[in-house]
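Single-letter residue listing:
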Amino acid sequence: MSIPVQQQIGSIALVVENYDDAIAFYTQKLQFTLIEDIDLGGGKRWVQVSPPNSNGTHLLLAEASSDEQTQAIGNQGGGRVFLFLHTNDFWRDYELMKANNVVFNEEPRVEEYGTVVVFEDLYGNKWDLLQAK
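- Going by an unreviewed UniProt entry, the chain carries the name VOC family protein and comes from Alteromonas profundi.

1. Quick notes on the pairing of strand 9 (residues 126–132)
When a strand is regular, its side chains alternate between the sheet's two faces.
Line of reasoning, step 1. Bridge count between strand 5 (residues 81–86) and strand 9: five bridges; the pairing is parallel. Counted as the bridge partner of Val81 is Lys126 from strand 9.
Line of reasoning, step 2. Relative to strand 9, strand 8 (residues 114–120) runs antiparallel, the two sharing seven bridges. Looking across to strand 9, one finds that Thr115 is bridged to Gln131.
Line of reasoning, step 3. Where strand 8 folds back onto strand 9 in an antiparallel hairpin, the turn is made up of five residues, including Gly124, whose phi is positive at roughly 105 degrees.

2. Quick word on helix 1 (residues 19–29)
Line of reasoning, step 1. Looking at helix 1, one finds that the buried residues are Tyr19, Ala22, Ile23, Phe25 and Tyr26. Down the axis of helix 1, the smallest arc covering the buried residues is 160 degrees, so these residues share one side.
Line of reasoning, step 2. Check the buried side of helix 1 and you find it contacts strand 1 (11–16), strand 2 (33–41), strand 3 (44–50), strand 4 (58–63), strand 8 and strand 9.
Line of reasoning, step 3. Its side-chain oxygen 2.9 Å from the backbone nitrogen of Asp20, Asn18 forms the N-cap of helix 1.
Line of reasoning, step 4. One or two steps after helix 1, the chain reaches Gln31, where phi turns positive at roughly 65 degrees.

Reading guide: rules and limits
- Residues numbered from 1 in each chain as written.
- Predicted model: local features only at pLDDT ≥ 70, side-chain atom pairs only at ≥ 80, totals over all residues.
- Heavy atoms only, no water.
- Pairing = 2+ DSSP bridges.
- Helix = DSSP H or I, 4+ residues; strand = E, 2+ residues; numbered from the N terminus.
- Buried < 20%, exposed > 50% of the residue type's maximum accessible area, 1.4 Å probe, protein only.
- Arc of directions from axis to C-beta.
- Contact = heavy atoms within 4.5 Å.
- Polar contact = N/O pair within 3.5 Å; in protein donor to acceptor, adjacent residues only side chain to side chain.

Structure follows, in structure tokens:
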């Protein structure tokens, strides 16, 4: 008898300019939870943040350590929306993010699949805030 396949995405690496600035943005402006911040030595840290009450997928904040990595900061999606933040209350989170001076690329809109707006993280990566129908 074989064991059924069970997998999930545990973390998504996000290249950042500075650990502390990124932690502050995600925990203060987006209300994410700091899951781990472990010093690995040599200036490296294992830093994970996650939306409140998330299902287990975390952002692994990875401070750039080369020119190639530095060039990727803010453009990990190649100019497209890179990450999708799902919510159970779009307007609550939108208003909180506005009050926290999060940059929005548009006005909220209702689409066939739900209510959505594009916003940027502190480096310019594009995100969707989305409440599905």
